[in-house]
Amino acid sequence: MKFITFSGPPSSGKTSVILKAMEELKDKYFKIGVLKFDCLVTDDDKLYDAQNIDSRVGLSGSMCPDHFFVSNIDDCLNWGIRHFYDILISESAGLCNRCSPHIKGCTAVCVIDNLMGINTPKKIGPMLKMADIVVITKGDIVSQAEREIFALKIRQANPDGIILHVNGITGQGAGELAVLIENATQVETLKGKELRISMPSALCSYCLGETQIGMDKQKGNVRKMELD
Amino acid sequence: MKDSVSLENLTIEDLLSIYPYSVEFFDINGLPIDDVNNTVKDYITSLPYVFLEDMGLNQEDLLKRFRAFMSRMKDIREERTFSIRDITILGGRDKNEKLEEIEVKINIGEIICIVGPTGSGKSRLLADIEWMTQRDTPTKRQILIDGSVPPRNWRFSVEHKLVAQLSQNINFVMDICVGDFIRLHAQSRMIDDIEDKTRQIIFHANELSGERFDLNTPLTSLSGGQSRALMVADTAFLSTSPIVLIDEIENAGIHRKKALELLVGQNKIVLIATHDPLLALMGNKRIVIKNGGIQKVIETTPNEKEGLLRLTEIDNALLKYREALRNGQLLDDIK
């Protein structure tokens with residue numbers, strides 16, 4: 001089974017890009033499954049449903065979304081194998097910019113949009129810097145120069161990755177992404193596989209539901225700002 | 001030229017002075033430069049684990065990243081202009097699997113129009129060119145560059161982007177002034193004569209646009225015509241792509257003929273998807289698309305060229321009235 005992790009900041013166009021790429025693959029009779037990781041609510045399963053793509057939603061709710069992801073992804077992969085998918089895609093938003101769902105040995109895609117500003121590639125951490133493929137969206141509404149500047153910033157942040165422009169509305173570039181997905185890594189199990197980078201950590205009183213503010217309430221892994 | 005493995009043995013001071021762009025490596029990875037007498041390798045190995053963990057990095061990966069960064073940037077700097085002489089479109093098949101049986105060669109400096117009804121496959125042809133398709137898209141067309149098959153890795157290389165796009169619904173979104181914007185684009189191309197290029201671009205943009213603007217004008221306050229003019233001039237002088245795709249430009253506030261001449265003058269191939277007769281006749285040829293296939297290629301005839309003169313007169317008259325309107329004059333001499 002081909003397994004690909006899709007990540008990217010919220011509203012960068014992950015779902016649209018995946019849908020457009022899947023449309024290109026439809027004619028080839030692949031059986032495709034999508035896992036959507038989100039925090040509170042998502043309607044994206046309906047979008048997948050409308051295109052006859054099986055999907056499952058995982059909502060992390062009050063848990064750290066990335067820790068939720070990593071403790072579910074191997075079950076998700078097994079689900080995919082049980083249902084004989086040819087292609088399995090996991091879609092998740094990197095919410096704190098330090099997060100990254102990318103796994104060693106599994107094709108990793110990061111979706112980022114042209115409207116985010118040229119400092120964004122610097123601000124996004126391993127999710128962008130360690131991706132194999134970077135998809136840039138919303139190129140149809142900014143100037144050629146801005147597209148070129150943005151692409152170079154991404155190249156600087158991720159010197160080895162494939163950079164691809166995809167238009168989530170018209171589908172321009174989606175055919176090319178589909179080719180890359182077809183050639184993605186073959187994965188049969190995630191047991192024993194490793195994340196490309198450790199996840200952000202916590203483990204403090206607030207993890208356990210503390211809501212009161214104050215020095216005496218801060219227990220566990222606490223870090224202080226230097227203000228003076 | 002030193003290879004990137006030995007670059008890491010340079011001191012940061014030397015690195016920054018020989019390769020000024022290397023400062024971007026430290027910047028984009030959030031690495032503070034403290035002691036410039038340290039070699040890059042020593043600097044990276046001296047970074048504390050906790051700091052790297054915070055940034056989502058590790059030493060081994062960072063060193064690899066440094067080597068990749070330096071070699072990529074060197075490529076981009078050396079491949080300043082992605083220069084080609086011509087492209088050839090070898091026919092595939094249309095929506096009914098009918099063979100196109102056509103071969104179209106387009107040379108640098110040519111203006112080619114693409115015409116056909118909505119949904120006929122104009123965008124597909126343009127996408128085929130952009131993707132340098134090798135019979136691996138539904139149309140089964142093949143694109144040759146300078147008569148041969150382009151290297152496969154060009155498809156995903158930022159440095160080898162074949163097509164630059166200018167279209168009606170494109171806008172500037174950066175919140176900076178015109179001068180800073182052009183400089184930023186020039187820096188991203190890593191060229192040396194930045195000030196010279198900036199002056200050229202602003203001069204030509206003003207030639208194309210009716211309303212003057214300068215280096216201090218905020219990008220986002222440019223009018224539609226001024227934006228279009230700046231985009232054309234900037235693409236002519238700073239875009240790496242040898243092909244410029246224009247998706248229908250309106251004649252609002254920009255001198256279209258001059259715009260095309262400027263692009264062609266900078267050795268671009270200009271492709272225009274248009275239904276405007278004035279624009280279409282400015283082209284050397286036009287490709288007619290029907291039912292997903294190239295139906296025929298028409299060379300602009302001498303008769304048509306003559307007709308263009310008449311069309312241009314009409315267009316100029318319209319331009320004149322537009323100018324008069326802008327200046328608050330009466331339009332009472334229309335016959």
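Criteria and thresholds
Residues numbered from 1 in each chain as written. Chains lettered and ligands numbered in written order. Predicted model: local features only at pLDDT ≥ 70, side-chain atom pairs only at ≥ 80, totals over all residues. Heavy atoms only, no water. Helix = DSSP H or I, 4+ residues; strand = E, 2+ residues; numbered from the N terminus. Rg over C-alpha atoms; globule rule 2.2 N^0.38 Å. Contact = heavy atoms within 4.5 Å. Patch = residues over 30% accessible without salt bridge, like charges linked within 9 Å, V, L, I, M, F, W, Y side chains within 5 Å. Areas by Shrake-Rupley, 256 points an atom, 1.4 Å probe, with all protein chains shown as cover. Salt bridge = Lys/Arg side-chain N within 4 Å of Asp/Glu carboxyl O. Core = buried A, V, L, I, M, F, W, Y, C linked by side-chain atoms within 4.5 Å. Buried < 20%, exposed > 50% of the residue type's maximum accessible area, 1.4 Å probe, protein only. Buried area = accessible area lost by both parts, 1.4 Å probe. Polar contact = N/O pair within 3.5 Å; in protein donor to acceptor, adjacent residues only side chain to side chain. Nonpolar A, V, L, I, M, F, W, Y, C, P; charged D, E, K, R; others polar. Pairing = 2+ DSSP bridges. Axes fitted to C-alpha atoms, helices over the stretch in contact; angles between N-to-C directions. Parallel < 35°, antiparallel > 145°, perpendicular 65-115°, else oblique. Left-handed = near helix turned anticlockwise from the far one by under 90°.

This brings us to the overall build of chain A. If you tally the helices and strands in chain A, you get 8 helices and 7 strands. Relative to the globule expectation of 17 Å for 228 residues, the C-alpha radius of gyration of chain A, 18 Å, shows essentially globular dimensions. Its C-alpha atoms put chain A at 60 × 45 × 30 Å along the principal axes. Relative to all contacts within chain A whose residues are 6 or more apart in sequence, the contacts with residues 24 or more apart total 73%.

Right, let's get into a nonpolar patch on the surface. A surface patch of nonpolar side chains, amounting to about 210 Å² of accessible area, comprises Leu115 and Ile141 of chain A together with Val173 of chain B. Mapped onto the elements of the fold, Leu115 of chain A is located in the loop between β5 (107-113) and α5 (120-123).

This next bit is on the nonpolar core. When a protein is soluble and globular, its nonpolar side chains tend to lie buried together. In this structure, Phe181 and Leu230 of chain B are the most contacted members of the largest nonpolar core, which totals 46 residues. At 8 residues, the largest contribution of residues to this core is made by helix α10 (residues 224-238) of chain B. Once residues lying within four places of it in the same chain are set aside, the contact partners of Phe181 of chain B are Ser143, Ala145, Glu146 and Ile149 of chain A together with Phe172, Met174, Ile176, Leu219, Leu230 and Asp234 of chain B. Counting 28 residues, the second largest nonpolar core, distinct from the first, contains Leu25, Ile32, Val34 and Ile133 of chain A.

Our next topic: the interface of chain A and chain B. Across the boundary between the two partners, chain A contributes 37 residues, which contact 45 residues of chain B. Overall, the association of chain A and chain B removes approximately 3,700 Å² of surface from exposure, summing both partners, and the carbon and sulfur fraction of that is 57%. Note that Arg223 of chain A is salt-bridged to Asp54 of chain B, the shortest N-O span being 2.8 Å. Our enumeration of links across chain A and chain B arrives at 19 residue pairs in polar contact (both at pLDDT 80 or more). Every element with two or more residues in the side of chain A that touches chain B is listed here: α5, α6 (126-129), α7 (144-157), β7 (162-165) and α8 (174-182) of chain A. Residue contributions to the side of chain A that touches chain B peak at 12 residues, all from α7 of chain A. Considered class by class, the residues forming the side of chain A that touches chain B number 18 nonpolar, 7 polar and 12 charged.

Here the focus is the sheet that holds strand β3 (residues 54-59) of chain A. Residue and element names in this part refer to chain A. Strand order in this open sheet of 7 strands is β3-β2-β4-β1-β5-β6-β7, and the pairing throughout is parallel. The sheet terminates laterally at β3 and β7, the two strands that pair on one side only. Within this sheet the neighbouring strands show an average axis-to-axis angle of 20°, counted without direction. One ladder, built from 4 bridges, connects strand β6 (residues 133-137) with β7; its direction is parallel. Opposite Ile136, over in β7, you have His165 as the bridge partner. Of the strands in this sheet, β1 (2-8), β2 (32-38), β4 (87-93), β5 and β6 touch helix α1 (residues 14-26), which is tilted by about 165° from β4. Sheet strands touched by α8: β1, β4, β6 and β7. Its angle to β1, the strand with the most contacts, is close to 130°.

Let's shift gears to the sheet that holds strand β2 (residues 103-107) of chain B. Residues and elements named next belong to chain B. Strands sit in the order β2-β1-β4 across an open sheet of 3 strands; the sheet is antiparallel. Pairing within the sheet leaves two strands with one partner each, and these edge strands are β2 and β4 (142-145). Ignoring strand direction, the axes of neighbouring strands in this sheet form an average angle of 15°. With 4 bridges joining them, strand β1 (residues 86-90) and β4 adopt antiparallel strand pairing. Within β4, the residue paired with Thr88 across the bridge is Leu144.

With that settled, consider the pattern of salt bridges. Residues and elements named next belong to chain B. Scanning all chains against the criterion turns up 31 salt bridges over all chains. A salt bridge links Arg141 to Asp128, with the nearest nitrogen and oxygen atoms 2.9 Å apart. With Arg141 in the loop between α7 (122-130) and β4 and Asp128 in helix α7, the pair connects residues that are 13 residues apart, well separated along the chain. Classification of Asp128 as buried rests on a relative accessible area of 0%.

Further remarks concern the pairing of strand β8 (residues 285-290) of chain B. All names here are of chain B. Most of β8 sits inside the fold, with 5 of its 6 residues counted as buried. Pairing of strand β3 (residues 111-115) with β8, which is carried by 4 bridges, proceeds in the parallel orientation. What sits directly across from Ile114, in β8, is Ile287. By the bridge criterion, 6 bridges tie β8 to strand β9 (residues 293-299) in an arrangement that is antiparallel. Paired with Arg286 across the bridge in β9 is Ile298. In this antiparallel pair of consecutive strands, β8 and β9, the connection spans 2 residues, and Asn291 shows a positive phi of 50°.

Working note: a packed helix pair is described by the angle between its axes plus the distance between those axes. All names here are of chain B. Orientation of helix α9 (residues 194-208) relative to α10, taken along the N-to-C sense of each, is 140°, at an axis distance of 8 Å. It follows that α9 is oblique to α10 by the angle criterion. In this structure, the crossing between α9 and α10 has a hand that is right-handed. For the pair α9 and α10, the contacting residues are Lys197, Gln200, Ile201, His204, Ala205 and Leu208 in the first and Ala229, Leu230, Val232, Ala233, Asp234, Phe237 and Leu238 in the second. Here the contact of α9 with α10 is built from residues that sort into 9 nonpolar, 2 polar and 2 charged.

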